[in-house]
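Summary of structural features
What follows is the residue order along each chain.
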Amino acid sequence: MAYGVVVRRNIVTIAGIYDKIQRQIMADRGGFGKGFSRGEGGKDGGKGKGKGGDRGGKGRRRGGRAQEEEKWVPCTKLGRLVQQGKIKSIEQIFQHSLVIKEYQIVEFFLGSALKDEVMKIMPVQKQTRAGQRTRFKAFVVVGDFDGHVGLGVKCAKEVATAIRGSIILAKIAIVPVRRGYWGNKIGKPHTIYTKVTGKCGSVSIRLIPAPKGAGIVAAGTPKKVLQMAGIADVYTCSTGSTKTLGNFVKATFYALSHTYGFLTPDFWAETYFVKSPMQEFTDFLAKPYKAYEPAHVEEKPAY
């Protein structure tokens with residue numbers, strides 16, 4: 001009898017956690033609507049009956065963040081070079097293996113081409129003296145569907161905060177994906193260049209080049225990642241506990257990040273070394289840099 005009570009309590013606790021997740025997601029998207037066209041709150045997100053932020057809702061609009069964002073003030077040397085136009089493309093950063101520590105650098109080059117996809121939101125708990133502390137872990141993939149993909153994982157008290165943090169981390173962790181051909185080199189690259197393998201936990205996935213028209217032969221989780229990376233045709237072979245979605249996504253991302261680590265005859269040509277941007281623009285970086293200049297405020301006499 002006591003065992004049945006414990007099981008019932010656990011079911012109620014899990015149901016409450018997922019209900020909280022659903023409420024957080026709906027509140028972030030614009031509230032719980034009662035219809036698709038009866039919005040009364042207007043576009044500013046009032047208490048309307050419409051579904052979504054544009055037609056009215058109980059929550060704020062996600063698109064309103066763009067207006068709230070302040071002007072980017074670089075904190076790193078790489079950010080200064082990017083903002084001043086010294087670095088022309090993101091490939092130049094990858095070529096010299098420079099570390100990206102500001103997500104605005106990726107936004108500067110890729111801009112509106114970047115799309116994000118929330119792969120999973122899961123509750124995680126920590127046992128404390130007062131009981132259990134529940135937080136939410138978000139897995140987000142970003143990509144431009146043209147050879148760049150990134151993965152971010154963030155844990156926070158609220159779902160919206162976890163998603164925002166995951167998007168920022170995914171942009172910072174973005175990597176180039178090398179694409180190639182299966183057979184003759186006709187048209188644009190459509191598959192991966194060579195076989196690669198990625199592993200995380202017990203999950204291991206192998207990506208195999210495929211001919212044109214084969215499509216992405218993969219499960220739903222890696223298929224989204226491969227699509228955002230700009231790969232049209234590929235075979236996959238996975239082993240392990242693939243139901244663990246977090247490890248499955250990470251393994252796919254690691255496999256794609258290994259595509260440029262394989263030395264092929266195309267790279268056997270003599271290398272002509274050029275200066276790194278940090279060395280080339282040393283004089284520019286040596287100058288004092290002021291992040292901002294506060295406006296002059298006249299001091300009023302104290303009475």
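Here, the structure is the one placed above.
Residues numbered from 1 in each chain as written. Predicted model: local features only at pLDDT ≥ 70, side-chain atom pairs only at ≥ 80, totals over all residues. Heavy atoms only, no water.

Remarks on the pairing of strand β1 (residues 115–128)
Taken residue by residue, a regular strand's side chains alternate between the two faces of the sheet. The sheet contact formed by β1 and strand β2 (residues 131–143) spans 13 bridges and is antiparallel. Within β2, the position partnered with M122 by the bridge is K137. In textbook terms, the turn of a hairpin is the stretch between consecutive antiparallel strands, and for β1 and β2 this stretch comprises two residues. (Pairing = 2+ DSSP bridges. Helix = DSSP H or I, 4+ residues; strand = E, 2+ residues; numbered from the N terminus.)

A word on the packing of aromatic side chains
This structure, assessed with the given rule, holds two aromatic pairs. Aromatic side chains F108 and F109 sit 5.4 Å apart centroid to centroid with 90° between the ring planes, which places their arrangement in the edge-to-face category. Lying across the ring of F284, R80 places its NZ or CZ 5.5 Å from the centre. It is R178 that lies over the ring of Y193; its NZ or CZ is 3.8 Å from the centre. (Phe/Tyr/Trp six-rings, centres within 6.5 Å; stacked < 30°, edge-to-face > 60°. Lys NZ or Arg CZ within 6 Å of the ring centre and 35° of its normal.)

Considerations on the side chain of T264
By the secondary structure assignment, T264 is in the loop between α8 (245–257) and α9 (277–280). Accessibility expressed as a relative area gives 3% for T264, which makes it buried. Of note is the side chain of T264, whose polar atom sits 3.0 Å from the side chain of R178. Setting aside anything within four residues of it in sequence, one finds T264 in contact with R178 and Y193. (Buried < 20%, exposed > 50% of the residue type's maximum accessible area, 1.4 Å probe, protein only. Polar contact = N/O pair within 3.5 Å; in protein donor to acceptor, adjacent residues only side chain to side chain. Contact = heavy atoms within 4.5 Å.)

Remarks on the pattern of salt bridges
One pass over the structure, following the stated rule, counts four salt bridges. Residues D266 and R178 are paired through a salt bridge, measuring 3.5 Å at the closest nitrogen-oxygen approach. Of this pair, D266 sits in the loop between α8 and α9 while R178 is found in the loop between β4 (175–176) and β5 (179–180), placing the two residues 88 residues apart along the sequence. (Salt bridge = Lys/Arg side-chain N within 4 Å of Asp/Glu carboxyl O.)

Some remarks on the packing of helix α7 (residues 220–228) against α8
At a closest axis distance of 9 Å, the pairing of α7 and α8 adopts a crossing angle of 35°. Pair α7 / α8 crosses with right-handed handedness. From α7, T221, P222, V225 and L226 reach across to α8, where they touch L245, F248, V249, T252 and L256. Tallied by class, the residues present in the contact of α7 with α8 amount to seven nonpolar, two polar and no charged. (Axes fitted to C-alpha atoms, helices over the stretch in contact; angles between N-to-C directions. Left-handed = near helix turned anticlockwise from the far one by under 90°. Nonpolar A, V, L, I, M, F, W, Y, C, P; charged D, E, K, R; others polar.)

Quick notes on α8
Here α8 is 13 residues long and its end C-alpha atoms lie 18 Å apart, about the 18 Å a rise of 1.5 Å per residue gives. When α8 is considered as a whole, its buried residues turn out to be L245, G246, F248, V249, A251, T252, F253, A255 and L256. (Expected span 1.5 Å × (residues − 1).)

What to know about α7
By the burial criterion, the buried members of α7 are T221, P222, V225, L226 and M228. The buried residues of α7 occupy an angular sector of 165° when the element is viewed end-on, so they sit on one face. Positive backbone phi, at 90°, marks G230, one or two positions downstream of α7. (Arc of directions from axis to C-beta.)

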